[in-house]
Number of protein chains: 4
Amino acid sequence: MSYEVRSINEECGVFGVWGHPQAANVTYFGLHSLQHRGQEGAGIVSNDEGKLYGHRDLGLLSEVFKDPRKLAALSGQAAIGHVRYATAGNGSVDNIQPFLFKFYDQSIGLAHNGNLTNARSLRTSLEKDGAIFHSNSDTEILMHLIRRSNEETFLDRLKEALAEVKGGFAYLLLTEDSMVAALDPNGFRPLAIGQMKNGAYVITSETCALEGIGARFVRDVLPGEIVIINDEGYTIEQYTTETQLAICSMEYIYFARPDSDIAGINVHTARKNMGRRLAAEAPIDADMVVGVPNSSLSAASGYAEASGIPYEIGLVKNQYVARTFIQPTPELREQGVRMKLSAVRGVVEGKKIIMVDDSIVRGTTSRRIVNLLKEAGAKEVHVRIASPPLKYPCFYGIDIQTRKELIAANHSIEEIRECIGADSLDFLSEEGLIDAIGLQKDAPYSGLCMAYFNGDYPTPLYDYEEKYQESLKEKVSFF
Amino acid sequence: MSYEVRSINEECGVFGVWGHPQAANVTYFGLHSLQHRGQEGAGIVSNDEGKLYGHRDLGLLSEVFKDPRKLAALSGQAAIGHVRYATAGNGSVDNIQPFLFKFYDQSIGLAHNGNLTNARSLRTSLEKDGAIFHSNSDTEILMHLIRRSNEETFLDRLKEALAEVKGGFAYLLLTEDSMVAALDPNGFRPLAIGQMKNGAYVITSETCALEGIGARFVRDVLPGEIVIINDEGYTIEQYTTETQLAICSMEYIYFARPDSDIAGINVHTARKNMGRRLAAEAPIDADMVVGVPNSSLSAASGYAEASGIPYEIGLVKNQYVARTFIQPTPELREQGVRMKLSAVRGVVEGKKIIMVDDSIVRGTTSRRIVNLLKEAGAKEVHVRIASPPLKYPCFYGIDIQTRKELIAANHSIEEIRECIGADSLDFLSEEGLIDAIGLQKDAPYSGLCMAYFNGDYPTPLYDYEEKYQESLKEKVSFF
Amino acid sequence: MSYEVRSINEECGVFGVWGHPQAANVTYFGLHSLQHRGQEGAGIVSNDEGKLYGHRDLGLLSEVFKDPRKLAALSGQAAIGHVRYATAGNGSVDNIQPFLFKFYDQSIGLAHNGNLTNARSLRTSLEKDGAIFHSNSDTEILMHLIRRSNEETFLDRLKEALAEVKGGFAYLLLTEDSMVAALDPNGFRPLAIGQMKNGAYVITSETCALEGIGARFVRDVLPGEIVIINDEGYTIEQYTTETQLAICSMEYIYFARPDSDIAGINVHTARKNMGRRLAAEAPIDADMVVGVPNSSLSAASGYAEASGIPYEIGLVKNQYVARTFIQPTPELREQGVRMKLSAVRGVVEGKKIIMVDDSIVRGTTSRRIVNLLKEAGAKEVHVRIASPPLKYPCFYGIDIQTRKELIAANHSIEEIRECIGADSLDFLSEEGLIDAIGLQKDAPYSGLCMAYFNGDYPTPLYDYEEKYQESLKEKVSFF
Amino acid sequence: MSYEVRSINEECGVFGVWGHPQAANVTYFGLHSLQHRGQEGAGIVSNDEGKLYGHRDLGLLSEVFKDPRKLAALSGQAAIGHVRYATAGNGSVDNIQPFLFKFYDQSIGLAHNGNLTNARSLRTSLEKDGAIFHSNSDTEILMHLIRRSNEETFLDRLKEALAEVKGGFAYLLLTEDSMVAALDPNGFRPLAIGQMKNGAYVITSETCALEGIGARFVRDVLPGEIVIINDEGYTIEQYTTETQLAICSMEYIYFARPDSDIAGINVHTARKNMGRRLAAEAPIDADMVVGVPNSSLSAASGYAEASGIPYEIGLVKNQYVARTFIQPTPELREQGVRMKLSAVRGVVEGKKIIMVDDSIVRGTTSRRIVNLLKEAGAKEVHVRIASPPLKYPCFYGIDIQTRKELIAANHSIEEIRECIGADSLDFLSEEGLIDAIGLQKDAPYSGLCMAYFNGDYPTPLYDYEEKYQESLKEKVSFF
């Protein structure tokens, strides 16, 4: 049984700027630095003297704005943008954000990163009350709640709406006179404020986008906060005080860019520390340490440094994307796998390898990489994973599939080792991970969401609860 | 004065297979592994029972064959392919290879990697004799020479033609009954033979393409050799015995993929050795070693290992390509530069950095990267280049521009250091480079072409000689 | 003052089929025959066993479904489609129909041809009540009204909704178990039922689409009717009895295809009769009758036949569409005009011409055509218009602009003649038009809407009333 | 047996201008008026101060130059262009013209309309002599002949080359200092000189392009003439005096646009006369005359006028092009046919129809149209063809297929009538055609090529002779 109730807001990236004459261009640059957070689609909404203009489409940012006139048309001094994560089988432009709503009395742009846990309930309830949804994204829900609120001001309506949505969310809105950001009470998703040299304020999912536009980091958006940016500067309000920091640990482990800082912790440094700790927790004698490019290179270098074993480039990632349609025979299909990654025979042949990877989901990829190394002549391949075993799904916006698809939810470490064909296998411990990131000593799990590893979800699961409970009773064999 | 006589065959990649039922697909996979050798255009010519079919177009391989029917139409058991290097300002599909020639008595596909030094003379002479060229590539020259030869057999005609072309070349031809490869007398460009599991033979510019299709390495093509592959297997002939190995050192330094072996030397290992040697030749005390991604990561890890200074990811390359048109203001243009590469503030802030790069051409890029690191808070940036200073252009197929554009041809190391804003700057010595690669002890420069560093060209320069001599008298200030 | 309150539902075409295994293909064929009713965009929604699938995009039908997989994906035995009229400056796919709504309890496809006169009021009122619109088409209004209705059955909800919308409309809906069509109480827009050889029922804006798919005409949909088609066949209900036939006379004059029958009257025949009557009302001696292709050819042949003056092809329309961007100089711009239409010098040189056209809006086109004929050597050009002068805008779905843009609303016939440079000018009388069409003797204007000519609108104007009254006081000079 | 030796230069259109600041734009406009002569591809080569620039691609003119920058890049005061006829199965851009040749000593653009009868011999002979062809168009042959000529001047080389090519050709060349046109000794293809208001001279395949750009007709290019246009004006030379006018009669019958004059005869008028004569030669009593749109409308109106029978629009052509891929079932395939043309039931039902068409090739289309009319209720359909039966192929540039595909080459008129399902069938006589066009009384066939009707080819057939003779012995049944 899978969690079909999940709507399709997974990892994404949001970026916005207020107060720059080239706001759409700055947003384009910002989104470019966030492209790793979503490749299915992209869009920008700009505000030119209170009039809102938008463009969005399927594809990478550079494809969506291939025609330079598309970007040039988005005039104005403020803009928000969004990159959307590729989820299988949903290729409609209707779901690409930011959404641009035009009412008789106002216009609003809306972008969202995260996943609501009560989306299904809210949507059904709204539809029963006459609401019409135009996408199967749950981002629209917030707008319906805002428009149906009886509060006086836009801000109060937004606060009322935010109190109703549950789960993980980082919202970015553009109105006729302001840019507004809001973060969920657990701060599952990263969100930061920066400032450009001309004084313009920016909001970004990751700080790596600041460096790209020459902006300085101002502060993180904290759980339960609303940030209002307009021509006067920025102000911060709290829409709830019942907050509890639980930053998604997967952002540190593999999702965020290494040059981002999340909650003051540099991601590369966190990963390197995971590698160091892993070397201490799961040492082994070998000729070299090889990281799986690109997300595991930091951890691998940490492992190498801590262990004193040389760090080598034993796997090379092809930087060009191949189409997958050319797979007429099983033989060629297997070769297709090699198009992404190849083992460096001249480096690994006859050697004992420590292969460091960030995580194992189904085990399929790990098995293929181990196999690549062995075919290229590696004598032994010892797999070390720089995070604990993934056993539970994520309901707050990371695309970690159902328990059925998690090998560690269904098998022991020894079984996994056998499945992937490694000579040995070990994982980082939960404590190791928490210590390596080193976030907030006094908070539960030091302020991290560790639910994927231990099932301890920081919030009720609402619409997902029932099926989740059922799923705990099931087991699937991967052999 | 620039070398406008240079025609437009620069670095490229060739790949071919004979004897596989999915020959065009195998070639697609092979070219995918060679995509780094050329991104301007790509093409494939197949041979189905003696009938030749072709498709070529501008763009990356995946764009050229976006429509799966294009590849499916290239039926047959043999195919050759080509990826073409992007040279500014020439966007015509006419130059994209392989060329497919159809005569009343035969059909031939032709692909070429390299640059001829007597192309202009040959072309003018052929045109005076009535020849019509359809591209401004000099690849066509070989076909005119073949078709005008009075020799009896195709092979003898080809040999006669090969005796007339000078410079660097790796040719790959597909006829109705064979696939033929030929390498210049100096072996400037890499070219190797491999064999697939089903027995099919392949020819590839780099061995990294072998791993990608599950083929084993058979042997390198040697200077002055012709390889003929047909249903009987492969045979090798020598079209000249006046050969002298002079492999392009830039292939080892930055151009080839780290998982390729050239003349038996693994490229990553060679680079790591360059880094080690550089650490010995140009040591300095610092907090960390940072490589410029991606081509300098091997050298940087070698430097780190040899020096004992930690290897860190202080620079991150954006894996997505941004369009460059969005640069309306100088301010945004400068930001555009940052879209490719960004410094990791959380890593480099307050630190003394050894920044390892593979080479310096104009110095512009180095200056920008040093600047990125300093803006991100680096206390000191010590630049170490894992190759000697580039002072002379290449006429054999590498896109190293005229002396006018080489900063090291016009300035001292101290002047370059000042120009790029580094706290110190040093280069690998010529001996260091030769030793690090460790090719053939007894050959001049151990079998490498070192002309870019010392002006000692292994062959006469023919059409380029006059302007080259003039250029030696000129100097240009980069300040 | 213009009528900016007008929303953007202008002339369009709808087509649907229930009960054919290739429903989407049949709909594609049907829409192809209706392409003249709208070229801005097109779309199809299909029903496969109760599941609805849709695709829509900007462009001609053949462009929207260029990729054959787009159409193939629309499986099922029922489908509705829409072609949308090109209105300047609105290039968003959001407005392209059919809309496909997915609710927790049902899915509905919706397409619309016509224009509501109370759209602005309804929309504002709905938005005040929390409704969110996703297009600036007023088609969405009907869906909001349906979803907010408290009636029990879908049909009763639809009836309630239809009672609230005013103006001209032909709706086509696809639900999970039926296809439903509804026509406004005046029957402004044509809508017909047909039947294919396999028994499948179709709904189409014009009967010309029946011939194209080998279907037979069953009956017209009448004012105030709802047609429900499902697996049982079709049934007809009346949602109002306050009906009054007022078919848009412009459909007969220029908009519909000559091979369509509207209310039992063939369009070509009606036009030929207009030409005959025009010859009687406004005779003149000349060498030949020339029609402006393509819409005036029927009327021209009628005029020729009735007058005994030869019918000649003195104007040729280029069947290929030229891009209009290539107009760098005024001189070339004027030439650009000639790209659509050219005069046949060999036919018209030295001749007295009767030029028959269907209507005059601004007069600009007429002036250009007269000029083309004169430049090609025509001695005299006598313009005869096969409809009365256009003096009033349309609010029911025909794109006849504001009074400000109607030359006949602002100038006398003699002034118009001078403006277009004709040697004489005459129009068909209102009685002539009514008689030529010969619809229903006993109804007002024989069942035609004649408002464009006499300002006698068959319904209140609602949201347009105020500005319309103001506009009556204004006059604009076209000189 | 078919005539596979035929190369692929069929009907095409050429246009050029010398002396206009917007030469490429003027050429675009000119080609737009010639688009009916070829829809497979288009191209333009311009001359800016002696430098030649070109762009060509597959598709309609408006598609080839969809990106306005493509046209803008073709700067200069002179340009030539070409539209290419769609021949099945050859979709390579290599064949799209004008060709642009760049030699060390000159650059030349070349476009061609026509078909050579000795192309195969010339090509084989040139290839034996070392020539390399890059397209399978025979247009390249002229350039090889020019470049291999030993004459002194370009003009003398061109004359020498023209003396070697046989068949039908209208060449248009653009050199660095002139535009040159040349016509074959029989003048099979139309070619005219015009002059724009600014004095610029133009060359065009048809005069309809003159009207489109506001140019006046100067004179026709005559058989055996070379026209040289440069900054001094135009001069005309004769490359041969052995000329014999034999204008392709199919240009008058269906290929040229009705607003063109060929050899002083207006095409519409010629067609109308064919219709009049046909009425006299093959009268029949009926209710109406219906022309098959668009090419037969002139002849139909002539028939109607001469016979006194009303001219009606009984067939409507859909002006939009439908894709043909959507034909999954035979039933839908038949419906697909109707997408191009539909019968007007309201006009033809219950009527006796005279259906006028310009020609019958295979008979398939005629059968379908007769069927459409009958299905729409026509009581009788009497087919009248405004040209004689097509019995012999064309070797001079018109795409009339082999004898095997010509129904009239294999069957009697009565058999054809039966095949197409007409109630009666008649053709215009050869004398009738010649008289109706009324070209030059004293020349053989009054200066027309009548070979398609009587096999009397005005020239030897060279490479086609042998297979042609064989084909005369064969007969194929169409039943």
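Residues numbered from 1 in each chain as written. Chains lettered and ligands numbered in written order. Predicted model: local features only at pLDDT ≥ 70, side-chain atom pairs only at ≥ 80, totals over all residues. Heavy atoms only, no water.

Another aspect to go through is unusual backbone geometry. Residue and element names in this part refer to chain A. Here the bond from Gln97 into Pro98 is cis, since omega is 0°, no more than 30 degrees from zero. Within the secondary structure, Pro98 sits in the loop between strand 4 (78-84) and strand 5 (99-102). Located in the positive-phi region is Ala263, a residue other than glycine, with phi close to 50°. Along the chain, the position of Ala263 falls in the loop between strand 15 (261-262) and strand 16 (265-266). Although it is not a glycine, Tyr445 adopts a positive phi angle of roughly 50°. As for its position among the elements, Tyr445 is in the loop between helix 16 (430-437) and strand 24 (448-449). (Helix = DSSP H or I, 4+ residues; strand = E, 2+ residues; numbered from the N terminus.)

For the pair chain D and chain B, the relating rotation is 180°, the translation along its axis is 0.0 Å, and the fit reaches an RMSD of 0.1 Å. Taken together, the turn and the small shift mark the pair as related by a two-fold rotation axis. Measuring from the rotation axis to each C-alpha of chain D, the shortest distance belongs to Ala131(D), at 3.1 Å. Of all interface residues in chain D, 100% are interface residues in chain B too; the two copies therefore contact each other through one and the same surface. (Least-squares fit on C-alpha atoms with pLDDT ≥ 70 in both. Contact = heavy atoms within 4.5 Å.)

What follows is about the sheet that holds strand 17 (residues 288-291) of chain B. The pairing of strands in a sheet happens through backbone hydrogen bonds and is either parallel or antiparallel. All names here are of chain B. Spatially, five strands are ordered 18-17-21-22-23 in an open sheet, and the strand pairing comes out parallel. At either margin of the open sheet sits one strand with a lone partner, and together these are strand 18 (311-312) and strand 23 (424-427). In this sheet, strand 23 lies alongside strand 22 (residues 380-385) in parallel orientation, the contact comprising four bridges. The residue bridging Ile385 from the neighbouring strand is Phe427, located in strand 23. Running over the sheet, helix 15 (residues 413-420) touches strand 22 and strand 23 and is turned about 130° from strand 23. (Pairing = 2+ DSSP bridges. Axes fitted to C-alpha atoms, helices over the stretch in contact; angles between N-to-C directions.)

A few words now on the interface of chain B and chain A. Contact residues are listed per partner, giving 66 residues for chain B and 66 residues for chain A. At the junction of chain B with chain A, the criterion picks out four salt bridges. At the surface where chain B touches chain A, the tally comes to 18 residue pairs in polar contact (both at pLDDT 80 or more). In terms of residues, the side of chain B that touches chain A owes the most to one element, helix 1 (residues 23-33) of chain B, which gives six residues. Looking at the side of chain B that touches chain A residue by residue, the classes come out as 27 nonpolar, 23 polar and 16 charged. (Salt bridge = Lys/Arg side-chain N within 4 Å of Asp/Glu carboxyl O. Polar contact = N/O pair within 3.5 Å; in protein donor to acceptor, adjacent residues only side chain to side chain. Nonpolar A, V, L, I, M, F, W, Y, C, P; charged D, E, K, R; others polar.)

Here we come to the side chain of Asn186(B). Residues and elements named next belong to chain B. Examined against the element boundaries, Asn186 turns out to sit in the loop between strand 8 (179-183) and strand 9 (192-195). The class of Asn186 is buried, set by a relative accessible area of 7%. A distance of 3.0 Å separates the side chain of Asn186 from the backbone oxygen of Gln244, its partner in a polar contact. In contact with Asn186, not counting residues within four places along its chain, are Pro223, Gln244, Leu245, Ala246, Ile247, Pro458 and Thr459. (Buried < 20%, exposed > 50% of the residue type's maximum accessible area, 1.4 Å probe, protein only.)

Moving on to helix 4 (residues 119-128) of chain D. For helix 4 of chain D, the set of buried residues is Ala119(D), Leu122(D), Arg123(D), Leu126(D) and Glu127(D). Looking down the long axis of helix 4 of chain D, one finds its buried residues gathered within 130° of arc, a one-sided arrangement. Looking at the buried side of helix 4 of chain D, the elements it contacts are strand 5 (99-102) and helix 5 (140-148) of chain B together with strand 6 (107-116) and helix 5 (140-148) of chain D. At the C-terminal side of helix 4 of chain D, Gly130(D) shows a positive phi close to 95°. (Arc of directions from axis to C-beta.)

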